[in-house]
Structures are given as structure tokens and as C-alpha cells.
Amino acid sequence: FLEGSGGNIGVLHGNDGVMIVDDQFAQLSDKIKAAIAGLSEGKLKFVVNTHYHGDHTGGNENLSKNGAQIVAQDNVRARLKESFSDPIMGREVQAKASTFWPVITFSEEMSFFINDENVNIIYLPNAHTDGDALVYFRKANVIHTGDAFVRYGYPFIDVSAGGSIDGFIAAQDKILKIADENTKIIPGHGQISSINDVKELRDMLVGAKEAVVILKSEGKMLDDCINAKPLAKYHDRWSGGFINSDLFVRLIYESTK
């Protein structure tokens, strides 16, 4: 488990070589390679991207040039290939060069058998994005969730890239179905977690969705929903510098019918 300026990195190393989950930003590639070298002399063979965001895929080009194979859900490759607009966050997402694209993709699930470990990679539909993957190291009982579970406060629902509040709740349910009391959970950002942390996030997501959907079902427009402060009970615990309560109301509003 490596922490840096981007998303958390999981490292599986052994006689068969090295697999990592996510690779942060391009400018950190040398530091990442040095950190891996401190754990293993093996060759970096596979990089699994949990989704398309640059703080999780920025090192793809550098590491693939060194021979690593980039692996991700089908939609990650599609997202990296095409530019698109994100009006909610006020940004333009630029397409990446082909050297960043995954060369091995999957639809629903795939497995690796490496270093005496059974690694299951499982699609989490329309949660943080439309291409999220959960990586489950079965023997070690470790789950890397990518940004489908995070510890920085309200999670970012990337609605413009297919994310949704319902998918986010379903992702927590999937994690809880796989995990047990002893599972170590590596979030996309933040400290090593347990199922109790996932349950806490899930409870907030369910309550927050209900509060916003009630207002929306009454015919209230987005601004009215925000002004009603439906997430007041969650604000002190969850509102942060990245996603505050008002923005989270909008993300729920925009991702529900």
C-alpha cells in the first residue's frame, strides 16, 4: 500500500513479478518505481486502473513504456480515448494519447493468478464513474476499491462520466458482500479501512439520497433543493474542501430521476 499525491496504490509482488493497482501522476512515476523496487526485484508486469481519472492513470504512459500491461474496465479505455465536457464541475476532459490506454480490458469481471494469489477484478457499474473496478486479493483478504470508496468526506460522483448515487450505494453493498471483519480495505484516498467504515459511508449515502429525492419529487428545482439544506445533519462530518454539502446535493440531484 503506497500513498502519494494521487490515489492510493496497491502492490502485489513475488516471484512472478509485480502487479500494481493505480499509478497516480506521471511526474511521480520514478518515485513509484523506486518504491516498488524497495519491495521487490521483480519486473512490473501489470497496472490495473480502477477508473479513468488522471490521479489514478497518470503514470500509464511511463509504466507501459517499461513493459507493464495496462488493465481496466472497458469504459476506462473509452474515456481515455475521447474528450468530453463536464458542466457540473466546469471542466473539459481531454483525451489522452494511445500510450495511456489500457491494452487489456474486461466487461464484468476478470481474474489473475499471480504470486500464489487469486486476484479478482470486478466491475462496479455507474458508481464513481462508468468504469469503476474493485480489486480483490482473495488469499490476502485485501480489497482495493478505487474511488468507489474514499475517506476524504463526501465522495465525488462523476455524473458527467456515468457516475450515480444509486451506483455508489450499490458499490458499498458489493464491498460489504465480499468483505468480512478481517478484510483490509484500501480506499481510493485515505487510510486503510474496515467494513465499519464502508457501512458508515453507505448509511450516509442512503440518507442523503432520500433527503434530496424527497425535495426533487415535490417538484423543487436544483437551486431550491440546495437552498433547503437537506444535508444539514451530515454537514459537519462529511462536508470537505473538495465536495461540500451544496455540491453533493447537486451531484445527487443530477444523477437521479
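Residues numbered from 1 in each chain as written. Predicted model: local features only at pLDDT ≥ 70, side-chain atom pairs only at ≥ 80, totals over all residues. Heavy atoms only, no water.

Please clarify how the nonpolar core should be interpreted in this entry.
Burial of nonpolar side chains together is a common tendency in soluble globular proteins. In this structure, Leu134, Tyr154, Met204, Leu205, Leu231, Phe248 and Leu251 are the most contacted members of the largest nonpolar core, which totals 43 residues. Among the secondary structure elements, those contributing two or more residues to this core are strand 9 (117-124), strand 10 (132-137), helix 5 (165-178), helix 6 (195-217), helix 7 (222-227), helix 8 (232-238) and helix 9 (245-254). In terms of residues, this core owes the most to one element, helix 6, which gives nine residues. Ignoring anything within four residues of it in the chain, the contact list for Leu231 reads Tyr154, Ala208, Ala211, Val212, Ser245, Phe248 and Val249. Within the second largest apolar cluster, 18 residues are counted, among which are Phe46, Val48, Ile114 and Tyr123. (Core = buried A, V, L, I, M, F, W, Y, C linked by side-chain atoms within 4.5 Å. Buried < 20%, exposed > 50% of the residue type's maximum accessible area, 1.4 Å probe, protein only. Helix = DSSP H or I, 4+ residues; strand = E, 2+ residues; numbered from the N terminus. Contact = heavy atoms within 4.5 Å.)

Got a minute to help me understand the sheet that holds strand 11 (residues 142-144) in this structure?
Picture the strands of a sheet paired through backbone hydrogen bonds; they go either parallel or antiparallel. One open sheet holds the five strands; their spatial order is 8-9-10-11-12, and the pairing between them is mixed. Here the strands that pair on one side only, and so sit at the sheet edges, are strand 8 (109-114) and strand 12 (184-186). Each strand of the sheet is rotated relative to its neighbour by a mean of 20°, with strand direction disregarded. By the bridge criterion, six bridges tie strand 8 to strand 9 in an arrangement that is antiparallel. (Pairing = 2+ DSSP bridges. Axes fitted to C-alpha atoms, helices over the stretch in contact; angles between N-to-C directions.)

Can you walk me through the side chain of Thr57 in this structure?
Positionally, Thr57 belongs in helix 2 (residues 54-57). Those residues in contact with Thr57, other than ones at most four positions away along the chain, are Asp23, Gln24, Asn49, His51, Tyr52, Leu80 and Phe100.

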